[in-house]
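Structural overview
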Amino acid sequence: MILVTGGAGFIGANFVLDWLATTAEPVVNLDLLTYAGNLCNLHSLAGDARHVFVRGDIGDEAHVAALLREHRPRAIVNFAAESHVDRSIRGPAAFIDTNIVGTFKLLEAVRAWWTALPAAPRAAFRFVHVSTDEVYGSLAPTAPGFSETTAYAPNSPYSASKAASDHLVRAYHHTYGLPTLTTHCSNNYGPRQFPEKLIPLMIVNALAGRPLPVYGDGQNVRDWLYVGDHCSAIRVVMAGGCPGETYNIGGDAEMTNVDVVREICTILARTRPGPDYASLVTYVKDRPGHDRRYAIDAAKIRDQLHWSPEETFASGLERTIRWYLANDSWLESVATKDYRKWITLQYAKDVSVR
Ligand code: NAD
Ligand code: TYD
């Protein structure tokens, strides 16, 4: 079996669902259920004995050690993290606690357990650390995309905390021989993404007739990858990646933010005709330290592991919007008092949520 951390969040839940749809191998899912973790993401697995959900903290070494002894996973995929840049700007402490100290404690528990394994399972074991392209910092408009040898230059407390965790993972391979693999993916979108990130926030706001808050001049560029394609990339890295190596994952779909928002409005106008969605676009104060551009050179994973994405940005966005339109009860499950508090704090007078 495998152990997934953070499997009640956006990418982790999609990974668990895809995993159980494509293999018979059971999953233990360790998740603290922070504001971003949502068991509704996993409701279709109710009664499926192959999925064992455990509420807990990756930073609780004794708990992780007990889980490892009990379930003896052949691999771990570490998704657990604080993941939202804007929250890291308002309150970096949780990012240090989970992304740095939490990853360290997880690595310690795994190292102790792995070291005592017999030779064969010890050699076959894999620790996959799911990181981000944001550790590489910001690109000039025409610079080539980030490759695995691009120097780290994180600019936000989020990306700095992820960079620190990557360095720890690297050191545990180099020093102790732990068979680690680190992935750096570009911006994900798809079903079950918490509506604090750009794409789901815009969908949810548009459907409610609220302003669509675009930071700064809207010309910041991100590379977008459909979440199912990220999950398939992680599976190929786990199966065929070389321990100690890192792999960049991207969708070859660079877009300015304002173009992403316009595309959402166009699809909504077709699938849920209603107000003039595009007229809701509102330019608001820029994010402090806002990275201008991210882009990925995914040649390594494509050439060595024969991975490429299946969705284009247009097809993935259409699927995503259709999922949000069909899942009112999921949207209700995330529209908590806490969520409204975040929107009010972050967008002040620009967007009020009643
Ligand atoms: P998310 O915020 O939706 O989910 C994070 C999950 O981790 C939640 O279920 C939360 O409850 C859980 N969690 C948080 N702290 C925990 C702790 N201490 N112990 C156990 N569980 C804890 O995040 P996501 O968007 O699904 O991202 C998953 C991973 O992928 C993160 O490591 C992130 O850095 C990375 N990543 C995300 C993107 C993206 O675009 N979303 C892109 C590249 C990489
Ligand atoms: P986000 O989804 O937070 O991901 P990241 O910061 O990790 O790239 O933001 C994507 C882009 O969209 C980023 O350039 C910031 C911008 N953005 C807005 O313009 N308005 C918003 O309300 C949000 C949340 C993001």
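Going by the structure above, here's the rest.
1. Quick word on the pattern of salt bridges
Overall, the coordinates contain 13 salt bridges when judged by the stated rule. With a closest N to O distance of 2.5 Å, Lys-300 and Glu-245 form a salt bridge. In this pair, Lys-300 sits in helix α10 (residues 299-305) while Glu-245 sits in the loop between α8 (227-240) and β10 (246-249), placing the two residues 55 residues apart along the sequence. Given a relative accessible area of 31%, Glu-245 falls into the partly exposed group.

2. Structural notes on the packing of helix α1 (residues 10-22) against α8
Relative to each other, α1 and α8 sit at 65°, their axes nearing to 9 Å. Accordingly, the angle class assigned to the pair α1 and α8 is roughly perpendicular. Handedness of the crossing formed by α1 with α8: right-handed. Contact residues: Phe-10, Ile-11, Asn-14, Phe-15, Asp-18, Trp-19 and Thr-22 in α1; Val-227, Gly-228, His-230, Cys-231, Ile-234, Arg-235 and Met-238 in α8.

3. Observations concerning the state of the cysteines
On inspection of all chains with the given rule, the structure shows 0 disulfides. Here Cys-231 stays free of any disulfide, with the sulfur of Cys-185 as its closest cysteine sulfur at 9.2 Å.

4. Some points on the nonpolar core
Membership of the largest hydrophobic core comes to 37 residues, with the highest contact counts inside it found for Ile-199, Ile-264, Phe-313, Leu-317 and Ile-321. Of all the elements in the fold, those that place two or more residues in this core are α7 (198-207), β8 (212-215), β9 (221-226), α9 (257-271), α11 (313-326), α12 (328-334) and α13 (337-347). Leave out the neighbours within four places in its chain, and Ile-321 touches Ile-203, Ile-264, Ile-267, Leu-268 and Thr-271. Counting residues in each nonpolar core, the second largest holds 36 residues, with Phe-10, Leu-42, Ile-296 and Leu-305 among its members.

The rules behind each value
- Residues numbered from 1 in each chain as written.
- Chains lettered and ligands numbered in written order.
- Predicted model: local features only at pLDDT ≥ 70, side-chain atom pairs only at ≥ 80, totals over all residues.
- Heavy atoms only, no water.
- Salt bridge = Lys/Arg side-chain N within 4 Å of Asp/Glu carboxyl O.
- Helix = DSSP H or I, 4+ residues; strand = E, 2+ residues; numbered from the N terminus.
- Buried < 20%, exposed > 50% of the residue type's maximum accessible area, 1.4 Å probe, protein only.
- Axes fitted to C-alpha atoms, helices over the stretch in contact; angles between N-to-C directions.
- Parallel < 35°, antiparallel > 145°, perpendicular 65-115°, else oblique.
- Left-handed = near helix turned anticlockwise from the far one by under 90°.
- Contact = heavy atoms within 4.5 Å.
- Disulfide = S-S within 2.5 Å.
- Core = buried A, V, L, I, M, F, W, Y, C linked by side-chain atoms within 4.5 Å.

Keep in mind these values describe shape, not function.
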